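Report on the structure
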Amino acid sequence: MSSLNKNSFSNIIFSYFPIGMLFLSVFNDFDFNYLKIEYFSFNFAHILIFFWTLKNPDHLGYVSIFLAGIINDVIIGMPIGISSFCYLLICTATAYIRNITLSPNFINDWLSFLFIILLINSILVSILDLIFLIEIDYLKYLINTGFTFLLYPIFFFFFNFINQKISFRLND
């Protein structure tokens, strides 16, 4: 009986890690302006949502992703619902990729991620520019997309390690 309750707290911490990281990332809209790196930015939330909805969708619910998008819009100052729409489009695309993929591998996931973030950022820029008439710096969005794509492998291996820990602890 004691073995059932042995690691319950650590299991809870590991199982809520993706949601905690998602909300931490949208609450801390971090940038590197204080380092005098003007054109270095990446979208951590896109990487996180893509990985966890692709590899282990049970740990990141669609309602929590929607709420994280609303919080992101409030903090950044964008029209309410834009980030939620983009985040849920990422979820839809990863659900499709997860269902059609026979043998998942890192390169296919990475190239799929590139296509998805290009699509999401182009939809975001189009909505902000054409509908809300917000002036957009296209170069910043392009650089953001490039760095998000280039940093995906680092976070992929980190999240994959955490995912293995979660799976191991839950199967214990």
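Source: prediction; values computed, not measured.

With respect to the confidence of the model for the protein chain
In the predicted model, the protein chain carries a mean pLDDT of 87, and 89% of its residues have values of at least 70. Ranking the elements of the protein chain by mean pLDDT puts helix H1 (residues 8-15) last with 75 and helix H5 (residues 82-100) first with 95.

Digging into the side chain of Asn72
Here Asn72 is to be found in helix H4 (residues 62-76). Classification of Asn72 as buried rests on a relative accessible area of 8%. Ignoring anything within four residues of it in the chain, the contact list for Asn72 reads Val26, Ser83 and Tyr87.

Brief notes about the pattern of salt bridges
Side chains bearing opposite charge may pair, as long as their charged atoms lie close to each other. Per the stated rule, a full pass over the model turns up one salt bridge. Its salt-bridge partner being Lys55, residue Asp109 comes within 2.7 Å of it at the nearest N-O pair. A residue pair is termed long-range when its members are at least 10 positions apart, and Asp109 in helix H6 (residues 106-131) and Lys55 in helix H3 (residues 44-55) qualify at 54 residues. On the accessibility criterion, Asp109 (3% relative accessible area) is buried. Residue Lys55 is classed as partly exposed on the basis of its relative accessible area, which comes to 28%.

Considering unusual backbone geometry
The phi angle of most residues is negative, glycine excepted, and most peptide bonds adopt the trans form. The phi angle at Leu133 is positive, at roughly 55°, despite the residue not being glycine. Structurally, Leu133 is set in the loop between H6 and helix H7 (138-171).

A few points about the environment of Phe106
Along the chain, Phe106 turns up in helix H6. Owing to a relative accessible area of 21%, Phe106 belongs among the partly exposed residues under this scheme. In this structure, Phe106 is in contact with Tyr152, Pro153 and Phe156, ignoring residues within four places of it in sequence.

A closer look at the packing of aromatic side chains
A complete count under the given rule lists 22 aromatic pairs for this structure. Taking the centre distance of 5.2 Å and the plane angle of 85° together, the rings of Phe51 and Trp52 count as edge-to-face. In this pair, the class of Phe51 matches that of Trp52, namely buried.

Remarks on a nonpolar patch on the surface
Side chains of Phe27, Val74, Ile75, Ile76 and Ile80 sit close together on the surface and give an oily, nonpolar patch of about 480 Å² of accessible area. Ranked by residues supplied to the nonpolar patch, first place goes to H4 with three residues. Within the secondary structure, Ile75 sits in helix H4.

What counts as what
Residues numbered from 1 in each chain as written. Predicted model: local features only at pLDDT ≥ 70, side-chain atom pairs only at ≥ 80, totals over all residues. Heavy atoms only, no water. pLDDT = per-residue confidence, 0-100. Helix = DSSP H or I, 4+ residues; strand = E, 2+ residues; numbered from the N terminus. Buried < 20%, exposed > 50% of the residue type's maximum accessible area, 1.4 Å probe, protein only. Contact = heavy atoms within 4.5 Å. Salt bridge = Lys/Arg side-chain N within 4 Å of Asp/Glu carboxyl O. Phe/Tyr/Trp six-rings, centres within 6.5 Å; stacked < 30°, edge-to-face > 60°. Patch = residues over 30% accessible without salt bridge, like charges linked within 9 Å, V, L, I, M, F, W, Y side chains within 5 Å. Areas by Shrake-Rupley, 256 points an atom, 1.4 Å probe, with all protein chains shown as cover.

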